[in-house]
Amino acid sequence: MNVVFAVKQYISKMIEDSGPGMKVLLMDKETTGIVSMVYTQSEILQKEVYLFERLDSQNREVMKHLKAICFLRPTKENVDYLIQELRRPKYSVYFIYFSNVISKSDVKSLAEADEQEVVTEVQEFYGDYIAVNPHLFSLNILGCCQGRNWDPAQLSRTTQGLTALLLSLKKCPMIRYQLSSEAAKRLAECVKQVITKEYELFEFRRTEVPPLLLVLDRCDDTVTPLLDQWTYQAMVHELLGINNNRIDLSRVPGISKDLREVVLSAENDEFYANNMYLNFAEIGSNIKNLMEDFQKKKQKEQQKLESIADMKAFVENYPQFKKMSGTVSKHVTVVGELSRLVSERNLLEVSEVEQELACQNDHSSALQNVKRLLQNPRVTELDAARLVMLYALHYERHSSNSLPGLMVDLRNKGVSEKYRKLVSAVVEYGGKRVRGSDLFSPKDAVAITKQFLKGLKGVENVYTQHQPFLHETLDHLIKGKLKETQYPYLGPSTLRDRPQDIIVFVIGGATYEEALTVYNLNRTTPGVRIVLGGTTVHNTKSFLEEVLASGLHGRSKEGSQVTARSASRR
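Rules and cut-offs
- Residues numbered from 1 in each chain as written.
- Predicted model: local features only at pLDDT ≥ 70, side-chain atom pairs only at ≥ 80, totals over all residues.
- Heavy atoms only, no water.
- UniProt positions renumbered as here; feature names shortened; annotations may be inferred.
- Helix = DSSP H or I, 4+ residues; strand = E, 2+ residues; numbered from the N terminus.
- Buried < 20%, exposed > 50% of the residue type's maximum accessible area, 1.4 Å probe, protein only.
- Contact = heavy atoms within 4.5 Å.
- Areas by Shrake-Rupley, 256 points an atom, 1.4 Å probe, with all protein chains shown as cover.
- Phe/Tyr/Trp six-rings, centres within 6.5 Å; stacked < 30°, edge-to-face > 60°.
- Lys NZ or Arg CZ within 6 Å of the ring centre and 35° of its normal.
- Axes fitted to C-alpha atoms, helices over the stretch in contact; angles between N-to-C directions.
- Parallel < 35°, antiparallel > 145°, perpendicular 65-115°, else oblique.
- Left-handed = near helix turned anticlockwise from the far one by under 90°.
- Expected span 1.5 Å × (residues − 1).
- Polar contact = N/O pair within 3.5 Å; in protein donor to acceptor, adjacent residues only side chain to side chain.
- Nonpolar A, V, L, I, M, F, W, Y, C, P; charged D, E, K, R; others polar.
- Salt bridge = Lys/Arg side-chain N within 4 Å of Asp/Glu carboxyl O.

For the protein, an unreviewed UniProt entry supplies the name Vacuolar protein sorting-associated protein 45 and the organism Trichechus manatus latirostris. Taken directly from UniProt, the Function (unreviewed entry) text for the protein runs: "May play a role in vesicle-mediated protein trafficking from the Golgi stack through the trans-Golgi network."

Below, the structure is given as structure tokens:
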């Protein structure tokens, strides 16, 4: 189950099916992102695709010597654009591929518009999602719910994305969902309806143990997206932001022009592929090794240019040399900027207290540490608010809860009203009343013993004590211990054996920390394959936007009116 490979295969097949000759790839806004995640422009150029165009761009030239490969989402807007295109075709022939199920009536409209008979084929290729890592996908939807319920347009898009994922991996799953979430049940039902309606598409070879789709809700674990991260990919997203593998470095002091935006893709960057799950300390020493390796090669190349043969060898190796030089400068810049932000924002101290709030139960120590950091001028308003949010979530019903005092400290620190109001909005979004799980205090004997022993041993790394709640959920699921009272099956049948192929989907967005958990489970659990997806992949900032977009109002006086995009969304 590799989502990058699945999407890549679809695109290769489209290009191969169109045969030899020069081609143009016509896409829409979303499919442009889908393709760019799995193929670089130079890779596609090698397959005779010389032009990349948006279907909605007005000023495309007529080029009858090119074949058009159209890869589009099956939206009404795209069908209308295609009808216009086919009435006055700009290219010699058209191979049309929709990223999801297209209605018969739309196909009929296209056939009627194709008076010049330029369409060679119309097919459905189910690459209707963003493949982030081999085991992680996203739909790039921010703000999927209004209050506790789905925004109808986003529910429809999520259903399409999730069913396309199942079709691309050739899985017809049994479905379980989080009972405490109305949104999870609704999505599970919508996916089931599509599977029933399009039953012919879902007739795959039966496996001994059927695959399982588990639908979860972000509300159940609001702690994970609020924590600072210390593994490479997660840290880059938390501090710099990753958008379809692109990182904007234009704000970095003294940045050179060619590094203002860089691409981090494990598909074609060996250093990133080998380091994306390692922690920051290891990255530092690996960058040093990369630099030294590069310096040696550079000196070797420069020393050797004596004969014509040396020069010829240099020219032949130059593309690799240039690529290595690009890789080195890119990662040195990114790691340098992460380093600068860590010291500027005092993140080691902040992160230590975040981890204490997430993993330990000592209220007075946590309160003292939060108060101490709120007095520190280097702590930014985002980090200050995040600490208070974690405190508010953990000690929501503690007898000595001191949230009002911390809210005053935030105001005195000059933290903006937006962030202060978000404290109560986050509790409203994922507080004790909402959660189906017990996020902070383990209830069963085994978990209590584990926590006790962990306390005795001390922690190997204070910055990475936290395990996302998803780890426990998946661990129980793999062992056949996940309670049906909390995660019921949709429909009468249940799974008798332990699941092998598991697709987990998080409404409200997954995180890179959870993706790391899944990566490690895949590596250490033979016979089990897990893919994680979410409406988006969050860092703290985007998660707070998600909370804001849901329009849930905090109830305390300090946060009585969160100004969401529309105030009456509940």
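The discussion continues.
(A) Quick look at the overall build of the protein. From N to C terminus, the protein includes 20 helices and 18 strands. Counting only residues that meet the buried cut, the protein has 52% of its 570 residues in that class. Sequence-distant contacts, at least 24 apart, represent 81% of the contacts inside the protein between residues at least 6 apart. When the accessible surface of the protein is totalled, it reaches about 27000 Å², and 50% of it is carbon and sulfur.

(B) Spotlight on the packing of aromatic side chains. Following the criterion strictly, the structure yields 11 aromatic pairs and no others. Ring centres 5.7 Å apart and planes at 65° place the aromatic pair Tyr129 and Phe137 in the edge-to-face group. With respect to class, Tyr129 is no different from Phe137; both count as buried. Centre to centre, the rings of Tyr429 and Phe543 are 5.7 Å apart; their planes meet at 75°, and the pair counts as edge-to-face. Of this pair, Tyr429 sits in helix H16 (residues 417–430) while Phe543 sits in helix H20 (residues 540–549), placing them 114 residues apart in sequence. Judged on exposure class, the residue Tyr429 and its partner Phe543 are both buried. Members of the aromatic cluster, joined through ring pairs, are Tyr10, Tyr97 and Phe125. The side chain of Lys8 reaches across the aromatic face of Tyr39, ending 5.0 Å from its centre. Between Lys418 and the ring centre of Tyr419, over which it is positioned, the NZ or CZ distance is 5.3 Å.

(C) Molecular detail of unusual backbone geometry. Phi is positive for Glu48, close to 70°, though the residue is something other than glycine. Positionally, Glu48 belongs in the loop between helix H3 (41–45) and strand E2 (49–54). Given a relative accessible area of 29%, Glu48 falls into the partly exposed group.

(D) Molecular detail of the packing of helix H18 (residues 469–478) against helix H19 (residues 512–524). Where H18 meets H19, the closest approach of the two axes is 10 Å, and the angle between their N-to-C directions is 30°. When the axis of H18 is compared with that of H19, the two are roughly parallel. Considering the relative orientation of H18 and H19, their crossing is right-handed. Every residue of H19 that contacts H18 at Leu470, His471, Leu474 and Ile478 is listed here: Glu514, Thr517, Val518 and Leu521.

(E) Structural detail: helix H1 (residues 3–17). Compared with an ideal rise of 1.5 Å per residue, which puts 15 residues at 21 Å, H1 spans 21 Å between its outermost C-alpha atoms and is within 8% of the ideal. Capping the start of H1, Asn2 holds a side-chain oxygen 3.0 Å from the backbone nitrogen of Val4, two or three residues further along. Positioned one or two residues after H1, Gly19 has a phi angle of 80°, which is positive.

(F) Broad picture of the packing of helix H4 (residues 76–87) against helix H5 (residues 104–113). Packing of H4 against H5 leaves a shortest axis separation of 8 Å and a crossing angle of 20°. One finds that H4 runs roughly parallel with respect to H5. Crossing geometry of H4 relative to H5 is assigned as right-handed. Each of Val79, Leu82, Ile83, Leu86 and Arg87 in H4 lies in contact with H5, whose residues at this interface are Asp106, Ser109, Leu110 and Ala113. In terms of residue class, the contact of H4 with H5 is built from 6 nonpolar, 1 polar and 2 charged.

(G) Local environment of the pattern of salt bridges. Within the structure shown, the criterion is met by 30 salt bridges. We note a salt bridge from Glu261 to Arg246, for which the minimum N-O separation is 3.3 Å. Of this pair, Glu261 sits in strand E14 (residues 261–263) while Arg246 sits in strand E13 (residues 246–248), and the two are 15 residues apart along the sequence. Put simply, Asp383 and Arg386 hold a salt bridge, and the shortest N to O gap is 2.8 Å. You can see Asp383 and its partner Arg386 sitting in helix H14 (residues 381–394), 3 residues apart, about one turn around the helix. The same class applies to Asp383 and to Arg386, which are both buried.

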